[in-house]
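# Observations on the three-dimensional arrangement
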Amino acid sequence: MPEVGCPYCSKKTDDICGSVCGGASKAALSMSRLRCALRGFDLKALLLLFVGVPILLFIIYAHGQKITYFLRPLWEAPPKPFKMMPHYHHENASMESLCKLHGWGVREMPRRVFDAVLFSNELDILEIRWNELSPYVSEFILLESNSTFTGLMKPLVFAKNRRRFKFAESRLTYGTVSGRFVKGENPFVEESYQRVALDQLIRIAGISDDDLLIMSDVDEIPSGHTINLLRWCNEIPEKLHLQLRNYLYSFEFHLDDDSWRASIHRYKSGKTRYAHFRQSDDLLADSGWHCSFCFRHISEFTFKMKAYSHVDRIRFAYYLNPARIQDVICHGADLFDMLPEEYTFQKMIAKLGPIPSSYSAIDLPGYLIRNAEKFSFLLPGNCKRQQRG
């Protein structure tokens, strides 16, 4: 029988439990009881519990996004593949022959083209885009908000720099929309709200049935000859996505050819809605350029990182450090220290690490090449950015 008041002791106990029942002090008694209670635990298990688990939790917190992206092929299947459409072009080929090569007829008169964008702060890329498309676009449509997608107050950058785009003024429908500034809201809700407002501005611009409408972000630039082809050819698809070459930071870092969100539509009143998601299975090959985070100033990088819908990727404040951003740009690394967004381990592994530099400046937007000195930061070998806008 164990002694009364000594629940830890029995005839089979050793000296540790025996000391609990002795005449020790209260402090010694408490320590002995604790030692007795922990006797059944393995020391290594305790170390794992008190040291290993916190370390594991920190690793998950610090690199949770990497873990999620690495495991993506296990929990998300790749989307349905596009139906790739061959794209033929030569500057000396007639439009009739080019349309015929694509299986289309040629029109007597080209369609009108409307280019509609949401604008944040991409002045340099907008200048390159509009000059590339200017010979073929009937109306430029630009909507600007005083709010970022993340609900931050922003100046009307285009309004302050409108004189820079005087060449397009006679064909410009410009509008502004006030942000809603809903605290804690998902950024994609504000983005959707602004796209609906852009849809209304497109109608104000006077678009009609069978006009062509380009739906793409400012940095998703269709090539001029692609738009010219589509405005001259009959029987083109009602909705057609454009495959763009993906560049990061400048035209030095060619990431891949997988950009597809840009699209062109034969407008239908009451049916066509401005969107930035997949709307068709048809994808026209090699139709332009997507130059993401292609800014002149470091401050523009930090602004976009905090302003666009993927703000949750800023896991730590040091991501916004100007010196770090400059180093990332010059090495072709990822601003958010993320793994490639791929659906197969094979593609993910192939893209691990920095993007290799490309020294080719062939087949880039013509206005960029004609003004190479002004836009040198977008060309190979010029990764250094200015500190202030």
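Refer to the structure above for everything that follows.
Okay, so let's go over this structure. (Residues numbered from 1 in each chain as written. Predicted model: local features only at pLDDT ≥ 70, side-chain atom pairs only at ≥ 80, totals over all residues. Heavy atoms only, no water.)

### Describing the state of the cysteines
Where two cysteines share a covalent bond between their sulfur atoms, that bond is called a disulfide. Enumeration according to the criterion identifies three disulfides in this entry. The disulfide partner of Cys291 is Cys294, and the gap between their sulfur atoms is 1.9 Å. With the S-S bond torsion at -80°, the cross-link from Cys291 to Cys294 turns out left-handed. Take Cys294: its relative accessible area is 3%, and that puts it in the buried class. (Disulfide = S-S within 2.5 Å. Buried < 20%, exposed > 50% of the residue type's maximum accessible area, 1.4 Å probe, protein only.)

### A look at empty space enclosed by the protein
The gaps of empty space that remain are located by a probe, the size of a water molecule, rolled over the atoms. Scanning all chains against the criterion turns up two cavities of 30 Å³ or more. Approximately 40 Å³ is the volume found for the second largest cavity. Along its surface, the second largest cavity is lined by Glu122, Ile125, Asp219, Cys291, Phe293, Cys294, Phe295 and Lys304. (1 Å grid on protein atoms, 1.4 Å probe; cavity = no way out; pocket = protein on both sides within 12 Å on 5 of 7 lines; lining within 4 Å. Points joined across faces, edges and corners; volume = space filled by probe spheres on them.)

### Describing the pattern of salt bridges
Summed over the entire model, instances satisfying the criterion amount to 26 salt bridges. The partner of Lys304 in a salt bridge is Asp219, with the nearest N and O atoms 3.7 Å apart. In this pair, Lys304 is assigned in helix 10 (residues 298–307) and Asp219 in the loop between strand 5 (212–215) and strand 6 (220–222), connecting sequence segments 85 residues apart. Asp219 matches Lys304 in its accessibility class, with the two residues each being buried. For Asp256, the salt bridge identified is with Lys351, shortest N-O distance 2.5 Å. In this pair, Asp256 sits in strand 9 (residues 254–259) while Lys351 sits in the loop between helix 12 (345–350) and helix 13 (366–370), placing the two residues 95 residues apart along the sequence. Taking the relative accessible area as the measure of exposure, Lys351 reaches 24% and is therefore partly exposed. The network of salt bridges with common partners includes Asp124, Glu127, Arg164, Arg296 and Lys374. (Salt bridge = Lys/Arg side-chain N within 4 Å of Asp/Glu carboxyl O. Helix = DSSP H or I, 4+ residues; strand = E, 2+ residues; numbered from the N terminus.)

### Concerning the sheet that holds strand 4 (residues 172–177)
Adjacent strands of a sheet form backbone hydrogen bonds with each other and so pair up, either parallel or antiparallel. Taken in spatial order, the eight strands of this open sheet run 1-11-7-10-5-2-3-4, and their pairing is mixed. A single partner strand is all that each edge strand has here, and the edge strands are strand 1 (83–85) and strand 4. With direction set aside, neighbouring strand axes in the sheet form an average angle of 25°. The pairing of strand 2 (residues 113–119) with strand 3 (residues 139–145) spans six bridges and is classified as parallel. Across the sheet, residue Phe114 finds its bridge partner in strand 3, namely Glu139. (Pairing = 2+ DSSP bridges. Axes fitted to C-alpha atoms, helices over the stretch in contact; angles between N-to-C directions.)

### Brief notes about the sheet that holds strand 12 (residues 288–292)
Pairing is mixed in the open sheet, where four strands are placed in the order 6-12-8-9. Looking at strand neighbours, the two that pair on one side only are strand 6 and strand 9, the edges of this open sheet. Pairwise comparison of adjacent strand axes, ignoring direction, gives a mean angle of 25° for this sheet. Across the face of the sheet, helix 6 (residues 123–133) comes into contact with strand 6 and strand 12 while running at roughly 15° to strand 6. (Contact = heavy atoms within 4.5 Å.)

### Considering the packing of aromatic side chains
Within the structure shown, the criterion is met by 18 aromatic pairs. An angle of 50° between the planes, with centres 5.5 Å apart, marks the rings of Phe82 and Trp260 as tilted. On the criterion of sequence distance, the pair formed by Phe82 in the loop between helix 4 (72–75) and strand 1 and Trp260 in the loop between strand 9 and strand 10 (263–266) is long-range, its members being 178 residues apart. Classification of Trp260 by relative accessible area gives partly exposed; the value is 23%. Pairing Phe119 with Phe158 gives two aromatic rings, centres 5.9 Å apart and planes at 70°, and the pair type is edge-to-face. Here Phe119 is found in strand 2, whereas its partner Phe158 is found in helix 7 (residues 157–160), with 39 residues between them in sequence. Linked through ring pairs, Phe119, Trp130, Phe140, Phe158, Phe165, Phe167 and Tyr174 together constitute an aromatic cluster. The ring centre of Tyr193 lies 5.0 Å from the NZ or CZ of Arg180, which sits over that ring. Sitting over the face of the ring of Phe293, Lys304 holds its NZ or CZ atom 4.5 Å from the ring centroid. (Phe/Tyr/Trp six-rings, centres within 6.5 Å; stacked < 30°, edge-to-face > 60°. Lys NZ or Arg CZ within 6 Å of the ring centre and 35° of its normal.)

### What to know about the pairing of strand 8 (residues 244–248)
The buried count for strand 8 comes to five of five residues, which makes it a mostly enclosed element. Relative to strand 9, strand 8 runs antiparallel, the two sharing three bridges. Across the sheet, residue Tyr247 finds its bridge partner in strand 9, namely His254. Hairpin connection from strand 8 to strand 9: five residues lie between these consecutive antiparallel strands, with Tyr249 at a positive phi of about 75°. Relative to strand 12, strand 8 is paired through four bridges, and the arrangement is parallel. Considered in strand 12, the bridge of Leu248 is made with Ser292.

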